[in-house]
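Chains, contacts and geometry: an overview
Take a look at the letters that make up each chain.
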Amino acid sequence: MARTVAPVYDPQLIEPKWRAAWKAAGLFTVSEDTAKPKFYNLVMFPYPSGPLHMGHFRNYVIGDAVARYKVMRGFNVLNPFGWDAFGLPAENAAIKSGIHPRISTEANIAVSKHELDIMGVLYAWDREVTTCNEDYYRWTQWLFLTFYEMGLAYKHRAAVNWCPKDNTVLANEQIVNGVCWRCGTKPTKKELEQWFFKITAYAQRLLDDLAKLDRWPERVRVMQANWIGRSEGAELDFPVEGDGSLKVFTTRPDTIFGVTFMVIAPEHPLVETNVTTDRRSDVAAYIEKTKAETEIERLSTEHVKTGVFSGAYAINPFNGERIPIWIADYVLATYGTGAIMGVPGNDARDFEFAKKFRLPIREVVSSTPEPQGYPTAPMELGLAEGYMIDSGPYTGIKSSEAINAIIGEAERRGIGRRTITFRLRDWLISRQRYWGVPIPIVYCAEHGIVPVPKDQLPVRLPAQVEFRSDGQNPLLHTDSFVKTSCPICGKPARRETDTMDTFVDSSWYFLRYTSARETTQPFDKAKADYWMPVDQYTGGVEHAILHLLYSRFFMKVLFDAGMVSVDEPFKALFTQGMIHRNGAVMAKSKGNGIAPDDMVERYGADTGRVYELFIGPPELDAEWNDRGVDGVARFLNRVWRLVVGEEDAAAATVGPGVTQDVLLRKLHETIDKVTRDIDAFRFNTAVAALMELANLMQDYVQGGGPRDEAWETVGRDLTRLMAPFAPHLAEELWHRLGGDSLCAMSPWPVADPALLHRSTVTMVVQVDGRLRDRIDVPAGTDEGEARIRALQSANVERALDGRSVARTVFVADRLINLVTR
RNA sequence: GCGGGCGUAGCCGAAUUGGUACAGGCGCACGGCUUAGGACCGUGUGGCGCAAGCCAUAAGGGUUCGAGUCCCUUCGCCCGCACCA
């Protein structure tokens, strides 16, 4: 159907035209240009799971608005996109439907690209990255080998978390609230040989450098700090009766005189060797029970302390006391030394345990220098300072001094040392699944673990595999893949069939974008040096720990390897809230999503974009309101009519009247506010400011204001201010106003300080802090003059009621307060 | 339990960081335009009061000439970690 250019706002008609124009102009096609300041704008790349909905688009609309704004501000903007394309859902779907993950993934990518396109969200598609493609994953393998060479990738037999539903192991970070982060199944423990990345070697740096990230949300930094979980303290050796010793970790060595029992984890090696004969059966029963119950117990809100006496005793090296060794699952094998000294007088958990098993309770650190008597509840120490009581030679001194003295004594005697423990564990990266990056390792009977030489990469993921209903990794049963030869001796060897956690793929994709078509290395250092770090990273807070911590780790390793010149990848981070509709987060599974195609058809892309920016503070969750969308559509229509409308202004009713001065000042105030708001990610108030300007323009026209040159200036600047938010509309208006280049590539308006200045201001007059009147005075009126003017007010006179003014508080151009007391 | 954050109209939310509380939008009311309209355009819209004015930012107290903003207490909500020694 042929359509003529209508005088009304018709998104259907204008939007495709301008999208084509941006592409033709290569809006985000960039190279390293040292003449301009660079700006690396990044949104978290998605897992292509199916069609996108408007909930997803909040992220992309924000990212697109920032990228467009920075272009107009004169930056050389890198604005890339890609696909986190390996992963379990596609493989699980393949098991059910028989459709190969590559087919479904590529189809999903095609759909998503279309949706991004029609919403006017534009990227540097010439740098597109797809993690499941050979040209990307060969470099993921390359980086794995580099980690291996650096001693940061290792294979280790350990009790790991196994998800019985997904048939794979899980990293510590992937257990959320005690269940699998993906499917919600309770994991079981399995003894397996697994590949790990040694992230713990970077624990201190990952913690310290959080301080550099002053443009990250506080919340995310705190979450990472807690996750890393640094504790300062000491390791102390307690001799065990008979032979050997028991090493414990404690943050409070000053409580050593309060030790009345020891506890070791059920997995502790001493369980094998030191349980006395008469206790064997009880201990065995307890261990069985904890193995079966561990995960369920952890989920219960009430952690009832359980445990069993081992029959063995340790000796307190500081007072020679004989201390029973217990086995209990409240002590974790994986933290510290897997053993603790029980100080029930000063620790709530030990107190609970001691009460249950009737063990002695002795307070040794008190909040006052005097003993408080038999403790009925532990004085919770944490990191608090106290005074030493009943502690031999240390009695009476401050606990902080005692900590140093006791560690010093232990070090002198060779039975302890100052140490630091982290909660962070090494990153378990192997997965027993097909749809991922093959770990480039070969097992040879003679040479053991042999890394595939880098020049033989990629280790190709075979396309032809049989998806099994038992959930076993298809690679295990693909002989053409498994059977290989040893890179060293050439004899028959077996390939590693585990693939890598997809979080490995996403830990370096932002580096690949800087030279996405590089064929000889993961990325070009010079280009990475030009673009890195990412200046603005925008995405969901659900990645606060996993992805963001892993990426920081990668960056530091690559920094140490000399491959990059900065050691933090993301300078500024913004985590946007989620969009809800009908009382639930917008999601495909909830059926409350809004398809971009429907949005575009009904309202046009720009209305959807502006609505998502206007919906509320971007860092907070927001409720989608269909009527709110109508409000934004009205606003865009109004802008259209004001800027290029055909309506005869003179026919309008005469309103209150707005002078040209007022209009121009409003324009410059709006330029100033919108600029500051975008810089501060306050898009909702930026849109509100644009609405205010449009409303004032409406008043101006209705009041009979002429559509002269000044009016056109206002229209042109409003158009440019709208461009990052409603780019298609802005482009069309720009064109109609006679712009010869693209609005998207025009310079951002600059507020004129002279026009921001008001010649008269409204000053608030208070009497004793209460608002009594407002007076219009020339800007810059001094206190004396303001006081005279204020005292002329009848309202002020009534409020003073004969009292005299003792003093005045004066805020220039804003307020004068007459104080009578 | 520990840590982070929040509480403002009927609803979503503004408030220059201690200085006119409620911008902007939704909703609602009235009007206009329409054959009609759940469309579009305009005007109004915290509560009480005829008014002067008074009362209002979860509740209570404090600091200050002045508090939504700072400090204490209480209540409620959200998020993260959760037996980490």
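This structure is a prediction, so every number in the text was calculated from the model and none was measured.

Parameters and conventions
- Residues numbered from 1 in each chain as written.
- Chains lettered and ligands numbered in written order.
- Predicted model: local features only at pLDDT ≥ 70, side-chain atom pairs only at ≥ 80, totals over all residues.
- Heavy atoms only, no water.
- Helix = DSSP H or I, 4+ residues; strand = E, 2+ residues; numbered from the N terminus.
- Buried < 20%, exposed > 50% of the residue type's maximum accessible area, 1.4 Å probe, protein only.
- Contact = heavy atoms within 4.5 Å.
- Areas by Shrake-Rupley, 256 points an atom, 1.4 Å probe, with all protein chains shown as cover.
- Near = heavy atom within 4 Å.
- Polar contact = N/O pair within 3.5 Å; in protein donor to acceptor, adjacent residues only side chain to side chain.
- Phe/Tyr/Trp six-rings, centres within 6.5 Å; stacked < 30°, edge-to-face > 60°.
- Lys NZ or Arg CZ within 6 Å of the ring centre and 35° of its normal.
- Pairing = 2+ DSSP bridges.
- Axes fitted to C-alpha atoms, helices over the stretch in contact; angles between N-to-C directions.
- Expected span 1.5 Å × (residues − 1).
- Salt bridge = Lys/Arg side-chain N within 4 Å of Asp/Glu carboxyl O.
- 1 Å grid on protein atoms, 1.4 Å probe; cavity = no way out; pocket = protein on both sides within 12 Å on 5 of 7 lines; lining within 4 Å.
- Points joined across faces, edges and corners; volume = space filled by probe spheres on them.
- Nonpolar A, V, L, I, M, F, W, Y, C, P; charged D, E, K, R; others polar.
- Arc of directions from axis to C-beta.
- Left-handed = near helix turned anticlockwise from the far one by under 90°.

Before going further, it helps to examine the overall build of chain A. Per the secondary structure count, chain A includes 26 helices and 34 strands. Oriented by its inertia axes, the alpha-carbon framework of chain A measures out at about 105 × 85 × 50 Å. Out of the 821 residues in chain A, the part that is buried amounts to 55%. Across chain A, the fraction of contacts at a sequence separation of at least 24, relative to all contacts at a separation of at least 6, is 73%. For chain A, the computed accessible surface area is about 35,700 Å², with 51% contributed by carbon and sulfur atoms.

Turning to the protein's contact with RNA strand B, a few remarks are in order. The local shell around RNA strand B holds 55 residues, among which Lys305, Tyr335, Arg349, Arg638 and Asn817 are the closest. The side chain of Tyr335 places a nitrogen or oxygen atom 2.4 Å from a phosphate oxygen of RNA strand B. Here a sugar or linking oxygen of RNA strand B and a side-chain polar atom of Asn625 are 3.2 Å apart. If you list the elements that add at least two residues to the surface near RNA strand B, you get helix H7 (218-228), strand E11 (245-250), helix H19 (626-644), helix H21 (683-702), strand E31 (760-767), strand E32 (770-778), strand E33 (807-811) and strand E34 (815-819).

Evaluation of the coordinates by the stated rule reveals 54 aromatic pairs. Relative to Trp195, the ring of Phe144 lies with its centre 5.4 Å away and its plane at 75°, an arrangement referred to as edge-to-face. A residue pair is termed long-range when its members are at least 10 positions apart, and Phe144 in helix H5 (residues 134-149) and Trp195 in strand E9 (residues 188-197) qualify at 51 residues. Trp195 shares its class with Phe144; the two are buried. Between Tyr509 and Tyr513 the ring centres are 5.4 Å apart and the planes differ by 70°, which places this aromatic pair in the edge-to-face class. The exposure class assigned to Tyr509 is buried, which follows from its relative accessible area of 0%. Across from the ring centre of Trp22, 4.1 Å away, lies the NZ or CZ of Arg68, which sits over that ring. The ring centre of Trp227 lies 4.6 Å from the NZ or CZ of Arg423, which sits over that ring.

As summarised here, the arrangement of the four strands in space is E2-E1-E26-E27, forming an open sheet in which the pairing is parallel. This sheet does not close on itself; its edge strands, each paired only once, are strand E2 (76-78) and strand E27 (573-576). Here the strands of the sheet are splayed against their neighbours by 20° on average, with no regard to which way each runs. Where strand E26 (residues 536-540) and E27 come together, four bridges link them in parallel fashion. From the neighbouring strand, Thr538 faces E27, where its bridge partner is Phe574. Along the sheet face, helix H2 (residues 54-72) touches strand E1 (38-43), E2, E26 and E27 and points at about 170° away from the line of E1.

So, about helix H4 (residues 101-118). Taking 1.5 Å per residue, 18 residues should reach 26 Å; H4 reaches 26 Å between its end C-alpha atoms and fits that length. Regarding H4, the residues found buried are Pro101, Thr105, Asn108, Ile109, Ser112, Glu115, Leu116 and Ile118. Positive backbone phi, at 75°, marks Gly120, one or two positions downstream of H4.

Right, let's talk about the pattern of salt bridges for a bit. Counted under the stated rule, the structure contains 50 salt bridges. With a closest N to O distance of 2.7 Å, Asp64 and Arg609 form a salt bridge. You can see Asp64 sitting in helix H2 and its partner Arg609 sitting in helix H18 (residues 605-614), a full 545 residues away along the chain. Just as Asp64 is buried, Arg609 falls in that class too. Within the structure, one salt-bridge network assembled from shared partners comprises Asp209, Lys212, Arg552, Lys556, Asp567 and Glu568.

Here the focus is empty space enclosed by the protein. This model, assessed by the stated rule, comprises three cavities of 30 Å³ or more. Put simply, the largest cavity is a space of about 140 Å³. Taken together, 17 residues form the lining of the largest cavity, with Leu88, Arg182, Arg431, Asp501 and Thr502 sitting closest to its centre. Secondary structure elements with two or more residues in the lining of the largest cavity: helix H3 (88-97), strand E6 (168-170) and strand E25 (499-500). By residue number, the principal contributor to the lining of the largest cavity is E6, which donates three residues. Here the residues of the lining of the largest cavity are counted per class, giving six nonpolar, six polar and five charged.

Given 3.6 residues per helical turn, the α-helix brings residues three or four places apart onto the same face. Buried within H3 are the following residues: Leu88, Ala90, Glu91 and Ala94. What you see down the axis of H3 is that its buried residues fit within an arc of 165°, all on one side. Tucked inside the fold, the buried residues of H3 contact H4 and E6. Gly98 sits one or two residues past H3 and shows a positive phi near 80°.

Turning our eyes to something else, we now look at the side chain of Arg433. Here Arg433 lies in the loop between strand E20 (430-431) and strand E21 (441-444). Owing to a relative accessible area of 5%, Arg433 belongs among the buried residues under this scheme. With near-sequence residues (within four places) excluded, Arg433 lies in contact with Leu88, Glu91, Asn92, Ile95, Asp166, Asn167, Thr168, Asn473, Leu475, Thr497 and Thr499.

Let us look at the pairing of E34. Within a regular beta strand, the side chains point alternately toward one face of the sheet and then the other, so they alternate between its two faces. Counting buried positions along E34 yields five of five residues, so the element is predominantly enclosed. Residues Leu815, Asn817 and Val819 point to one face of E34 and Ile816 and Leu818 to the other, with burial holding for every one of them. Of the strand pairs in this sheet, E31 and E34 are connected by four bridges, and their pairing is parallel. Bridging from a neighbouring strand, Val764 pairs with Leu815 of E34. Here five bridges tie E33 to E34, and the two strands are oriented antiparallel to one another. Looking at E34, one finds that Arg807 is bridged to Val819.

As a packed pair, H19 and helix H22 (residues 709-722) sit with axes 10 Å apart at the nearest point and diverge in direction by 145°. H22 is crossed by H19, and the crossing has left-handed handedness. Mapping the contact onto sequence places Phe635, Leu636, Val639, Leu642 and Val643 in H19 and Trp711, Gly715, Leu718, Thr719 and Met722 in H22. Class assignment for the residues of the contact of H19 with H22 results in eight nonpolar, two polar and no charged.

Here we take up the sheet that holds strand E13 (residues 308-315). Where strands meet in a sheet, backbone hydrogen bonds hold them as pairs that are either parallel or antiparallel. The strand order across the open sheet built from four strands is E13-E14-E12-E15, with neighbouring strands paired in mixed fashion. Sheet topology places E13 and strand E15 (339-342) at the edges, where each strand pairs with a single neighbour. The average undirected angle you get between the axes of adjacent strands in this sheet is 30°. Both strand E12 (residues 261-264) and strand E14 (residues 322-327) contribute to a ladder of three bridges, which runs parallel. Its bridge partner being in E14, Met262 is matched across the sheet by Ile325. In the packing of helix H10 (residues 348-356) onto the sheet, the strands contacted are E12, E14 and E15, and the crossing angle to E12 comes to about 105°.

Quick look at unusual backbone geometry now. Where the residue is not glycine, phi is negative for most of them; where a peptide bond is considered, it is trans in most cases. The residue after Leu457, namely Pro458, is reached through a cis peptide bond having omega 0°. Along the chain, Pro458 turns up in the loop between strand E22 (448-451) and helix H12 (479-482). Looking along the chain, the bond that leaves Met532 and enters Pro533 is cis, with omega of 0°. As for its position among the elements, Pro533 is in the loop between helix H15 (525-531) and E26.

Take Thr131: it is sitting in the loop between strand E4 (129-130) and H5. Linking Thr131 and Tyr9, residues 122 residues apart in sequence, is a C-alpha distance of 41 Å. In contact with Thr131, not counting residues within four places along its chain, are Phe45, Trp83, Asp84, Ala85, Phe86, Tyr136, Tyr137 and Asp505. Among the polar contacts listed, one links the side chain of Thr131 to the backbone nitrogen of Ala85, at a separation of 2.7 Å. In terms of polar contacts, Thr131 uses its side chain to reach the backbone amide nitrogen of Phe86, at 3.5 Å.

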